[in-house]
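Understanding the architecture of this molecule
Below are the chains, spelled out letter by letter.
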Amino acid sequence: MPTVNTPLITIAIDGYSSSGKSSMARQLAKNIGYRYIDSGAMYRAVTLYAMRHGMISDGQAIDIPALIAALPSIKIDFSVDGDSQSTLLNGENVERDIRSMEVSNCVSPIATIPEVRHALVAMQQKFGQEKGIVMDGRDIGTTVFPHAEMKVFVTASPETRARRRVDELNGKGVEASYEEVLANVITRDRIDETREESPLRRADDARLLDNSTMSISEQNEWLLNLYRTVTSGI
Ligand code: DC
């Protein structure tokens, strides 16, 4: 927990899909008593809204003008219940729905729409106004909080990430082929890295964390040590 003498800071954790960054960001926030915001959940919530309002057909064609017009009426928030956090879309708990395969398959193109990004970046900056926040995503250290005191860029080989994703899906009782998941990981990396608006890239001042061969507790310790170093130098 932060003490009265520890300054509140902003912590940006970016990285590739299935790199484990959300779990470690959530754990860090818990360890230091900060608020945790999953920015990917916000892109997923907008995608769910678009699906429910008939703005996406065949999982492909997006009625972009209709979605842009609806953006001011999309409110996203988070509720915390003990250790679990839920995403709220206009007050409704949509945590389960935004993790569905349909949403996962449609979210990347939605996240390339500049107006969607501008609206969500503004909401994310509002969440971070008071500092004391850990936010994870793809563009947090580069675009959302370019002045964050602590920035981390998490990576692992595509093969390691695909293996983790298969294990995660199998754990939920979902069958998944390693080859298919690996292809999906590589495709998502390419979309995230090459989109024009806020592509995924490491901020120049972000610390690189390659966790291919690290255990979860080693990663948590690494982050906590970095947090202590950063706050002790302020
Ligand atoms: O982290 P995730 O898989 O839940 O993210 C869902 C999608 O949102 C993914 O395609 C990348 C995109 N995203 C983004 O473009 N910018 C962010 N800050 C967070 C997520």
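This text follows the structure it describes.
Read on for a plain summary of the structure.

What counts and how
Residues numbered from 1 in each chain as written. Predicted model: local features only at pLDDT ≥ 70, side-chain atom pairs only at ≥ 80, totals over all residues. Heavy atoms only, no water. Helix = DSSP H or I, 4+ residues; strand = E, 2+ residues; numbered from the N terminus. Rg over C-alpha atoms; globule rule 2.2 N^0.38 Å. Buried < 20%, exposed > 50% of the residue type's maximum accessible area, 1.4 Å probe, protein only. Contact = heavy atoms within 4.5 Å. Lys, Arg positive; Asp, Glu negative; His and termini not counted. Charge placed at Lys NZ, Arg CZ, Asp CG, Glu CD. Pairing = 2+ DSSP bridges. Axes fitted to C-alpha atoms, helices over the stretch in contact; angles between N-to-C directions. Expected span 1.5 Å × (residues − 1). Polar contact = N/O pair within 3.5 Å; in protein donor to acceptor, adjacent residues only side chain to side chain. Near = heavy atom within 4 Å. Nonpolar A, V, L, I, M, F, W, Y, C, P; charged D, E, K, R; others polar. Salt bridge = Lys/Arg side-chain N within 4 Å of Asp/Glu carboxyl O. Parallel < 35°, antiparallel > 145°, perpendicular 65-115°, else oblique. Left-handed = near helix turned anticlockwise from the far one by under 90°.

What follows covers the overall build of the chain. Along the chain, the regular secondary structure elements total 10 helices and 10 strands. The C-alpha radius of gyration of the chain comes to 17 Å, within 12% of the 17 Å expected for a compact globule of 234 residues. Projected onto its principal axes, the C-alpha coordinates of the chain cover approximately 50 × 40 × 35 Å. In the chain, buried positions account for 46% of the 234 residues. Relative to all contacts within the chain whose residues are 6 or more apart in sequence, the contacts with residues 24 or more apart total 72%. With 26 positive and 32 negative side-chain charges, the chain shows a spacing of 3 Å between the two charge centroids.

It is worth spelling out unusual backbone geometry at this point. One non-glycine residue, serine 18, lies in positive phi territory at about 60°. Relative to the helices and strands, serine 18 is located in the loop between strand 1 (10–15) and helix 1 (21–32). A positive phi angle, close to 45°, is found at serine 198, a residue other than glycine. Among the secondary structure elements, serine 198 is positioned in the loop between helix 9 (178–194) and strand 10 (207–210).

Pairing is antiparallel in the open sheet, where 3 strands are placed in the order 5-6-7. Since the sheet does not close on itself, it has two edges, and those belong to strand 5 (76–81) and strand 7 (92–93), each with one partner. Here strand 6 (residues 84–89) pairs with strand 7 via 2 bridges, running antiparallel. For leucine 89, the partnering residue across the bridge sits in strand 7 and is glutamate 92. Of the strands in this sheet, strand 5, strand 6 and strand 7 are in contact with helix 2 (residues 39–52), which crosses strand 6 at around 40°.

Between its first and last C-alpha atoms helix 2 spans 20 Å; for 14 residues at 1.5 Å apiece the expected length is 20 Å, and the two agree. Across the 14 residues of helix 2, 11 count as buried, placing the element largely inside the fold. The complete set of buried residues in helix 2 reads Ser39, Ala41, Met42, Tyr43, Arg44, Ala45, Val46, Thr47, Leu48, Tyr49 and Ala50. A distance of 3.1 Å separates the backbone nitrogen of glycine 40 from a side-chain oxygen at the start of helix 2, and that oxygen is part of aspartate 38.

This paragraph deals with the site of the ligand. The environment of the ligand is formed by 16 residues, the closest being Ser39, Arg44, Arg117, Arg138 and Asp139. Within the contact set of the ligand, a nitrogen atom lies 3.0 Å away from a side-chain nitrogen or oxygen of serine 39. Taking serine 108, its side chain carries an N or O atom lying 3.1 Å from an oxygen atom of the ligand. Those elements that provide at least two residues to the shell around the ligand are helix 2, helix 5 (101–110) and helix 9. By residue class, the composition of the shell around the ligand is 4 nonpolar, 4 polar and 8 charged.

Overall, the coordinates contain 13 salt bridges when judged by the stated rule. Salt-bridge contacts for arginine 52 lead to glutamate 92; the nearest nitrogen and oxygen are separated by 3.0 Å. Of this pair, arginine 52 sits in helix 2 while glutamate 92 sits in strand 7, and the two are 40 residues apart along the sequence. Taking the relative accessible area as the measure of exposure, glutamate 92 reaches 37% and is therefore partly exposed. With a closest N to O distance of 3.0 Å, glutamate 95 and arginine 99 form a salt bridge. Taking the relative accessible area as the measure of exposure, arginine 99 reaches 35% and is therefore partly exposed. Among the charged side chains, a network of salt bridges with common partners joins Asp38, Glu95 and Arg99.

On to the packing of helix 8 (residues 158–171) against helix 9. Helix 9 packs onto helix 8 with a crossing angle of 120° between their chain directions and a minimal axis gap of 9 Å. Our classification of the angle between helix 8 and helix 9 gives oblique. Taken as a pair, helix 8 and helix 9 cross one another with a handedness that is right-handed. Residues Pro158, Glu159, Arg161, Ala162, Arg163, Arg165, Val166 and Leu169 of helix 8 form the contact with helix 9, whose own contacting residues are Tyr178, Val181, Leu182, Val185, Ile186 and Asp189. When the residues that make up the contact of helix 8 with helix 9 are grouped by side-chain class, the tally is 9 nonpolar, no polar and 5 charged.

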